[in-house]
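Residues per chain, in single letters:
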Amino acid sequence: MASEKPLAAVTCTAPVNIAVIKYWGKRDEELVLPINSSLSVTLHQDQLKTTTTAVISKDFTEDRIWLNGREEDVGQPRLQACLREIRCLARKRRNSRDGDPLPSSLSCKVHVASVNNFPTAAGLASSAAGYACLAYTLARVYGVESDLSEVARRGSGSACRSLYGGFVEWQMGEQADGKDSIARQVAPESHWPELRVLILVSAEKKLTGSTVGMRASVETSPLLRFRAESVVPARMAEMARCIRERDFPSFAQLTMKDSNQFHATCLDTFPPISYLNAISWRIIHLVHRFNAHHGDTKVAYTFDAGPNAVIFTLDDTVAEFVAAVWHGFPPGSNGDTFLKGLQVRPAPLSAELQAALAMEPTPGGVKYIIVTQVGPGPQILDDPCAHLLGPDGLPKPAA
Ligand code: DP6
């Protein structure tokens, strides 16, 4: 039990991000350096976020971490890599300055508690928000002000993109030490206010984790190598243009093509990896039929290493698309909790669109939809009540 006041306690939040140009494959597993650059959209923290508290105190005898209320093994290599990196940056900063604002902080152990406001089992990219939040919170508690891409990346590659709001690219870099493999904002969250993101949760856990999956793909898929070398560079430039010019049809088409190519590399992996299930494919067909009916690309899907679809569309299309999903996957008794997040004004499904969808309904195929939008990067919470750890450095009962 701590007897002295903690040296510092900081609580921050960080967002989930969804890649529209996918990261899949490392050229250096230890440093988490990717074989291609990637680009993502940061989702709003009102709907999806991780909250993390870090406390340092002279009284702590070891580093400890609690995730969603349960104590976890702090010895995990990725966690250790993040802690090592942040302390290394803090040491560098101290050595380069006259006075250290936290003189003895570096010799102190840290206690960390982290919670998500969304179910981990939903297969959403919780590790990206989690490690971005860890990096950001540790940086505040240790007084580090430098770029945190490396710290977050060492936890999970995609986490470095959650360090910024809006539209974010992770430049693969060229250096062997990874110093130029950094995340950077392409456009702020205010840039494209009409953009909406819908997460269609079919609530299954993924079978093959990203780290293991991408290792197998790097070792066996010639398509992945072709993608990284010959496809992604031009796509990165084109995606940045689509975002800059708010060109939704081109943004949507490229998003779908890149998701499809990522899943094609999974199938090209030997033995093959398959993340999409029957519901994923029904959603893919629904999106293409919806777009064909309108004679315009109004909706896009993308899938990460799991079966849940993430949909991009504009605010004027959300209600009609939700009506189409409702028709394709009727919710049954949970109708009143089917839609979460931003309000959607109810809209009827026209007979013409219903006919164009040509779908036999699959009741319960989609468990619920989270409606959200583009959001800001990590935030510091000033209110001490927000701390997940008490003055004794242990989780507060509610955490
Ligand atoms: C399919 O960042 O989870 O979501 O670096 O091994 O932790 P590690 O992998 P991770 O991979 C994410 C892969 C993806 C695509 C993406 O987010 O770019």
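How each quantity is defined
- Residues numbered from 1 in each chain as written.
- Predicted model: local features only at pLDDT ≥ 70, side-chain atom pairs only at ≥ 80, totals over all residues.
- Heavy atoms only, no water.
- Near = heavy atom within 4 Å.
- Polar contact = N/O pair within 3.5 Å; in protein donor to acceptor, adjacent residues only side chain to side chain.
- Areas by Shrake-Rupley, 256 points an atom, 1.4 Å probe, with all protein chains shown as cover.
- Helix = DSSP H or I, 4+ residues; strand = E, 2+ residues; numbered from the N terminus.
- Nonpolar A, V, L, I, M, F, W, Y, C, P; charged D, E, K, R; others polar.
- Phe/Tyr/Trp six-rings, centres within 6.5 Å; stacked < 30°, edge-to-face > 60°.
- Buried < 20%, exposed > 50% of the residue type's maximum accessible area, 1.4 Å probe, protein only.
- Lys NZ or Arg CZ within 6 Å of the ring centre and 35° of its normal.
- Axes fitted to C-alpha atoms, helices over the stretch in contact; angles between N-to-C directions.
- Parallel < 35°, antiparallel > 145°, perpendicular 65-115°, else oblique.
- Left-handed = near helix turned anticlockwise from the far one by under 90°.
- Contact = heavy atoms within 4.5 Å.
- Pairing = 2+ DSSP bridges.
- Lys, Arg positive; Asp, Glu negative; His and termini not counted.
- Salt bridge = Lys/Arg side-chain N within 4 Å of Asp/Glu carboxyl O.

Enquirer: Mind showing me how you'd approach the site of the ligand here?
Expert: The immediate surroundings of the ligand are formed by 17 residues, with Tyr23, Lys26, Ser156, Ser158 and Thr211 found nearest. One of the side-chain N or O atoms of Ser158 is found 2.7 Å from an oxygen atom in the ligand. Between the ligand and Ser210 there is a distance of 3.4 Å, counted from an oxygen atom to a side-chain nitrogen or oxygen. Isolated, the ligand exposes 460 Å² of accessible area, and the fraction of that covered by the protein chains is 95%. For the shell around the ligand, the element with the most residues is helix α4 (residues 210–220), which contributes 3 residues. Partitioned by chemical class, the residues of the shell around the ligand number 7 nonpolar, 5 polar and 5 charged.

Enquirer: Sorry, what's going on with the packing of aromatic side chains here?
Expert: Geometry of an aromatic ring pair is reported as the spacing of the ring centres plus the angle between the planes. Summed over all chains, the structure comprises 12 aromatic pairs. Judged by centre distance (5.4 Å) and plane angle (80°), the ring pair of Phe290 and Phe321 falls under edge-to-face. Placement of the pair is Phe290 in helix α7 (residues 278–294) and Phe321 in helix α8 (residues 318–328), with a sequence separation of 31 residues. Accessibility assignment for this pair places Phe290 and Phe321 in one class, buried. Ring geometry for Tyr301 versus Phe303: centroids 5.9 Å apart, planes at 45°, classification tilted. Judged on exposure class, the residue Tyr301 and its partner Phe303 are both buried. Put simply, the rings of Phe167, Trp192, Phe248, Phe251 and Phe312 touch in pairs and so form one group of aromatic residues. The ring of Tyr136 is capped by Arg140, whose NZ or CZ atom sits 4.0 Å from the centre of that ring. Over the face of the ring belonging to Tyr368 we find Lys340, whose NZ or CZ atom lies 4.8 Å from the ring centre.

Enquirer: Even after reading the chapter, I still don't get α8, so can you show me in this structure?
Expert: Two residues of an α-helix separated by three or four positions point the same way, owing to the 3.6 residues in each turn. Counting buried positions over the 11 residues of α8 gives 9, a clear majority of the element. Every buried residue of α8 is listed here: Val318, Ala319, Phe321, Val322, Ala323, Ala324, Val325, His327 and Gly328.

Enquirer: Could you clarify how one ought to interpret the packing of α7 against α8 in this entry?
Expert: In a pair of packed helices, the angle between the axes and the distance between the axes together describe the arrangement. With their axes 11 Å apart at the nearest point, α7 and α8 run at an angle of 130° to one another. As summarised for this structure, α7 and α8 are arranged oblique, according to the angle between their axes. As α7 packs across α8, the resulting crossing turns out to be right-handed. Contacts from Leu286, Val287, Phe290 and His294 in α7 reach Glu320, Phe321, Ala324 and Val325 in α8. Of the residues assigned to the contact of α7 with α8, the class counts are 6 nonpolar, 1 polar and 1 charged.

Enquirer: Please explain the sheet that holds strand β2 (residues 17–21) as it appears in this structure.
Expert: Spatial ordering of the open sheet is given by β2-β5-β10-β11, a layout of 4 strands whose pairing is antiparallel. For this open sheet the edge positions go to β2 and β11 (183–187), each flanked by a neighbour on one side alone. Across the sheet, the axes of successive neighbouring strands diverge by a mean angle of 35°, strand direction being ignored. One ladder, built from 4 bridges, connects strand β10 (residues 167–170) with β11; its direction is antiparallel. Looking across to β11, one finds that Trp170 is bridged to Ala183. Taken strand by strand, helix α5 (residues 222–244) contacts β2, β5 (38–42), β10 and β11, and its axis lies near 110° from that of β2.

Enquirer: Would you take a moment to explain the side chain of Arg161 for this structure?
Expert: Considering the arrangement of structural elements, one finds Arg161 in the loop between α3 (149–155) and β10. Although buried, Arg161 forms no salt bridge, and the nearest oppositely charged side chain, Asp304, lies 6.1 Å from it. Setting aside chain neighbours within four positions, we find Arg161 in contact with Asn17, Ala19, Tyr23, Ser38, Ser40, Thr42, Val168, Trp170 and Ala183.

Enquirer: Help me understand the sheet that holds strand β16 (residues 368–373) in this model?
Expert: Reading across the sheet, the 5 strands line up as β13-β14-β12-β16-β15 and stay open at both edges, with mixed pairing between neighbours. At either end of the open sheet lies a strand with only one pairing partner, and these are β13 (299–302) and β15 (339–341). Across the sheet, the mean angle from the axis of one strand to that of its neighbour is 25°, orientation sign disregarded. Against the sheet, α7 makes contact with β12 (195–201), β13 and β14 (309–314), and its axis sits at roughly 160° relative to β13, the strand it touches most. Relative to β12, α8 is tilted by about 15°, and along the sheet it contacts β12, β13, β14, β15 and β16.

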